[in-house]
Each structure stands twice: as structure tokens, then as C-alpha cells.
Amino acid sequence: MNTFYLGRLILAAVAVLAVSSAAAETYRVDNFQRLNYLVEERLEPGDIVEIAPGHHYFDMDRIVFRRSGTPDAPIIIRGIVEDGKRPIIDGILVNIQRGLFTIPQGVHDIVIENLEFRNVAGRRYPDRVPRYGYNSTAIFLAGCHNITIRNCVIHSCEDGLFATREADCILVEDSHIYNNGTEYTGPHNPTHNFYFNARRQFVRNSYIHSATEGENFKSRGDSTIFAHNW
């Protein structure tokens, strides 16, 4: 290959990278309707959603992710830390349908970081319709793959994190998961800080403690790496 042709190939590759980088967008959100629209209909690989600081009370029954990133350009949902505090997503006012953030089959390459999730339950208000089950979770990993949860706090939920059998390549790191478990006294299966069934799951550098009903870490996955956790 002559040097002129090689030089043109290099320039073309650089141009493609520049266009890809320029195409990525950053969105700032402070309400859940906007976040729901972005993760269902708008986001492209490499896009970043920044959740504004503060205490945000959830006003939906769940948010379902429909858009995917790529291994080199994941979609990032990132809380903006202010004065050392992550944005709080609080489900205390509503019944949550299985997962406050639900990431279903086929969705991939998502990063969720710098957020605090609390008070997620499916039938906290049994007199309200709709009512759901007794194991609602902060993030429901329902068959998705290549998902990273980083530097998050998850507490006072029925399940902290739940991954289904079809999920794969789930990474949780640098997070604090505690005080999760069902608050009801009626008959139901115990719920946990973690209930993971994914094919491959990696949990590291996290503080996991004080499950109120079940296990701190429960796994039925094929391959689990559990490293450097307290």
C-alpha cells in the first residue's frame, strides 16, 4: 500500500471518529417524564443524561429503557453530585411496577452512576390501583446485557437489585447497598439486597449490609465474581 493511500485511510478514520464524537449529546433533566422520553425514544450511543442534584420524588410506576449504547459508546445516566451528595430518586409516593428503572430484554450497554435510590415498593399503598407484587426493585435487569451500575446507593427497597436469568454481563461496583427487604408481614417469599440470576455477573468494591428480610447477596447465576466487597 502506498503512503498516499494509507494517509487518506488514516484521515478518513479520524474524520469518522470526530463525527461520532460530535454526534453524542448531553441532556440535563430534572423530571421523570423527560427522563422516560429520553431512555425510551431519543438516546443514541454515547449520549449522556445528567440528573440534576436534589431530592426527586418518583411520580410514575416505572421507567423502561428502550435505547441501547455500544461497547465503545454506552449510554450513560449520571447523577450530578453536589456538595458530596448524589441526586436522590425516591419512590415513597407511588407503587412501583417491578423495577423503578427497568432494563428489558435486548437492551445493552448502559451505565448508571452517581445516584441514590430509596423507598421502592410494589404495593405500599394497597388501597391504590394499580398494585403490584412484593418484590419491586430499584433497578430490574430483565434480560439486558453489558450493564454497569457504579457509585450508587440503594436502600429501603423491597429488593435492592434484581437480575433475571436472561441477563448477562452485569457489573456493580463502588456502590452501597443496604437495608433492602419487604416491609409487609403477610405471606410472601423473602426479598434481598441482591437477587441475581444473570449468566455472568461481577460485583466489586461495594459495601453490602443489613438486609432486612433475606440475604445480603443471593445468586443463582452461572458465573459470579464477587471481589473486594465489605
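Cut-off values and rules
Residues numbered from 1 in each chain as written. Predicted model: local features only at pLDDT ≥ 70, side-chain atom pairs only at ≥ 80, totals over all residues. Heavy atoms only, no water. Helix = DSSP H or I, 4+ residues; strand = E, 2+ residues; numbered from the N terminus. Rg over C-alpha atoms; globule rule 2.2 N^0.38 Å. Buried < 20%, exposed > 50% of the residue type's maximum accessible area, 1.4 Å probe, protein only. Contact = heavy atoms within 4.5 Å. Areas by Shrake-Rupley, 256 points an atom, 1.4 Å probe, with all protein chains shown as cover. Lys, Arg positive; Asp, Glu negative; His and termini not counted. Charge placed at Lys NZ, Arg CZ, Asp CG, Glu CD. Pairing = 2+ DSSP bridges.

Colleague: Is there a simple way to explain the overall build of the protein chain in this structure?
Modeller: Looking only at helices and strands, the protein chain features two helices and 20 strands. For a compact globule of 230 residues, the expected C-alpha radius of gyration is about 17 Å, and the protein chain comes in at 19 Å, within 12% of that figure. Counting the 230 residues in the protein chain, one finds 47% classified as buried. Sequence separation of at least 24 residues holds for 70% of the intrachain contacts in the protein chain that already meet a minimum separation of 6. When the accessible surface of the protein chain is totalled, it reaches about 11,200 Å², and 50% of it is carbon and sulfur. Taking the 23 positively charged and 27 negatively charged side chains of the protein chain as two groups, their mean positions are separated by 3 Å.

Colleague: In this structure, what is going on with the pairing of strand β13 (residues 159–163)? I would like to understand it.
Modeller: Two faces, one strand: in a regular strand the side chains alternate between the faces of the sheet. Most of β13 is tucked away, with five of its five residues classed as buried. Across four bridges, strand β10 (residues 137–141) lies against β13 in parallel orientation. Bridge pairing in β13 links Thr-137 to Asp-159. Two strands pair when backbone bridges link them, and β13 and strand β16 (residues 194–196) are joined in this way by three bridges, in the parallel orientation. Across the sheet, residue Leu-161 finds its bridge partner in β16, namely Phe-194.

Colleague: Explanation requested: the sheet that holds strand β19 (residues 218–219) in the structure shown.
Modeller: The strands that make up a sheet are held in pairs by hydrogen bonds between backbone atoms, and each pair lies either parallel or antiparallel. The six strands are arranged β4-β7-β10-β13-β16-β19 in an open sheet whose pairing can be described as parallel. The open sheet has two free edges, formed respectively by β4 (63–64) and β19, since each of these has just one partner strand.

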